[in-house]
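Chain by chain, the residues:
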Amino acid sequence: MEIRVEALAGADAGIVLLGLDRPAAKNALGRQLLAEFRQALAGFRADPAVRIVLAHSLVSGVFCAGADLKERAEMSPEEAAAFVQGLRDAFTELEDLPMPVIAALEGAAFGGGLELALAADLRVAGSAAKLGLVETSLAIIPGAGGTQRLPRLIGAARAKELIFTARRLDAEAAGRLGIVDRVVPAGEALAAALELAREILPNGPVALRMAKRAVDRGMDLDRDAALAWERECYAQVLPTRDRLEGLAAFREKRKPHYRGE
């Protein structure tokens, strides 16, 4: 197994850890890892108990080194194109998960590894992390969403500079550019990401999903269309029991108990 899924329990029930575990290849994205990754995502989408997904590495010193170039070298151009399409689809599936997704980065996140992280909603990096879309140094381009997600995150000109130069950034520089949302001491990214997940967890599950949907699609619409889309998303929370529970808890000065319904 190259993907490890762990559902937390007790007060953390609803948080699921998605662990990359391919130590011999520094979590390089090969056929088996990709298949297991997509299978895990399908499981998350189908399970209403999953409220937050936290992607991280179980391999010390690396988040994901990118595509498995040894495996890629044995592919025909047609096979390589099909595999990259699979990566592109997988990261879109990650981005399109209805619940919040947080990536905890330690060590290297290059090429496809950074593209994976860019598909998360939020990114927390340990101070020793190194990040970059380095594909042009290999005479290719970021092909699993990097040319689209990075400009949307930090602007076209900055993204072009990083992609054109194949520059490798440290965590502090990535934080200043907005590629990662939080930088914490080395080795503490997972703990900090869990802390963030625990801050999100008490909130209404349906509301979180609708808020994510409203932001993600609204970013690609003009203002009036985006406001209409927000109205549609808001309409999805109005009939929920959780909304009534939130009002009751406020009135009774107690913590709400949301059930995602």
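Our structure is the block above this text.
Bear in mind that the values here come from a model prediction, so they are computed numbers and not experimental data.

**Description of the packing of helix 9 (residues 205–218) against helix 10 (residues 223–237)**
Link 1 in the chain: Between helix 9 and helix 10, the least distance of the axes is 9 Å, while the angle of their chain directions is 165°. Taken together, the axes of helix 9 and helix 10 lie roughly antiparallel to each other. Where helix 9 crosses over helix 10, the handedness of that crossing is right-handed. The segment helix 9 lies against helix 10, with V206, A207, M210, R213, A214, R217 and G218 engaging A226, W229, C233, Q236 and V237.
Link 2 in the chain: When grouped by side-chain class, the residues that make up the contact of helix 9 with helix 10 number 8 nonpolar, 2 polar and 2 charged.

**A few points about helix 6 (residues 156–165)**
Link 1 in the chain: Those residues of helix 6 lying buried are A159, L162 and I163. All buried residues of helix 6 project into a common sector of 95° when viewed along the axis, lining one side. Facing away from the buried surface of helix 6 by more than 90 degrees, the exposed residues are A157 and F164.
Link 2 in the chain: Contact partners of the buried residues in helix 6: helix 5 (146–154), strand 9 (169–170) and helix 7 (171–177).
Link 3 in the chain: After helix 6 finishes, the residue A166 shows a positive phi value of roughly 55°.

**Description of a nonpolar patch on the surface**
Link 1 in the chain: Together, L69, L138 and I140 make up a nonpolar patch on the protein surface, roughly 250 Å² of accessible area in all.
Link 2 in the chain: Structurally, L69 can be placed in helix 2 (residues 69–73).
Link 3 in the chain: The class for L69 is partly exposed, based on a relative accessible area of 46%.

**Let's talk about the sheet that holds strand 3 (residues 52–57)**
Link 1 in the chain: Read across the sheet, 6 strands follow the order 1-2-3-5-7-10 without closing on themselves; strand pairing throughout is mixed. On the outer flanks of this sheet lie strand 1 (3–7) and strand 10 (182–184), each paired with one strand and no other. Across the sheet, the mean angle separating the axes of adjacent strands is 20° when strand polarity is ignored.
Link 2 in the chain: Two strands pair when backbone bridges link them, and strand 1 and strand 2 (residues 15–20) are joined in this way by 5 bridges, in the antiparallel orientation. Bridge pairing in strand 2 links V5 to L18.

Reading guide: rules and limits
- Residues numbered from 1 in each chain as written.
- Predicted model: local features only at pLDDT ≥ 70, side-chain atom pairs only at ≥ 80, totals over all residues.
- Heavy atoms only, no water.
- Axes fitted to C-alpha atoms, helices over the stretch in contact; angles between N-to-C directions.
- Helix = DSSP H or I, 4+ residues; strand = E, 2+ residues; numbered from the N terminus.
- Parallel < 35°, antiparallel > 145°, perpendicular 65-115°, else oblique.
- Left-handed = near helix turned anticlockwise from the far one by under 90°.
- Contact = heavy atoms within 4.5 Å.
- Nonpolar A, V, L, I, M, F, W, Y, C, P; charged D, E, K, R; others polar.
- Buried < 20%, exposed > 50% of the residue type's maximum accessible area, 1.4 Å probe, protein only.
- Arc of directions from axis to C-beta.
- Patch = residues over 30% accessible without salt bridge, like charges linked within 9 Å, V, L, I, M, F, W, Y side chains within 5 Å.
- Areas by Shrake-Rupley, 256 points an atom, 1.4 Å probe, with all protein chains shown as cover.
- Salt bridge = Lys/Arg side-chain N within 4 Å of Asp/Glu carboxyl O.
- Pairing = 2+ DSSP bridges.

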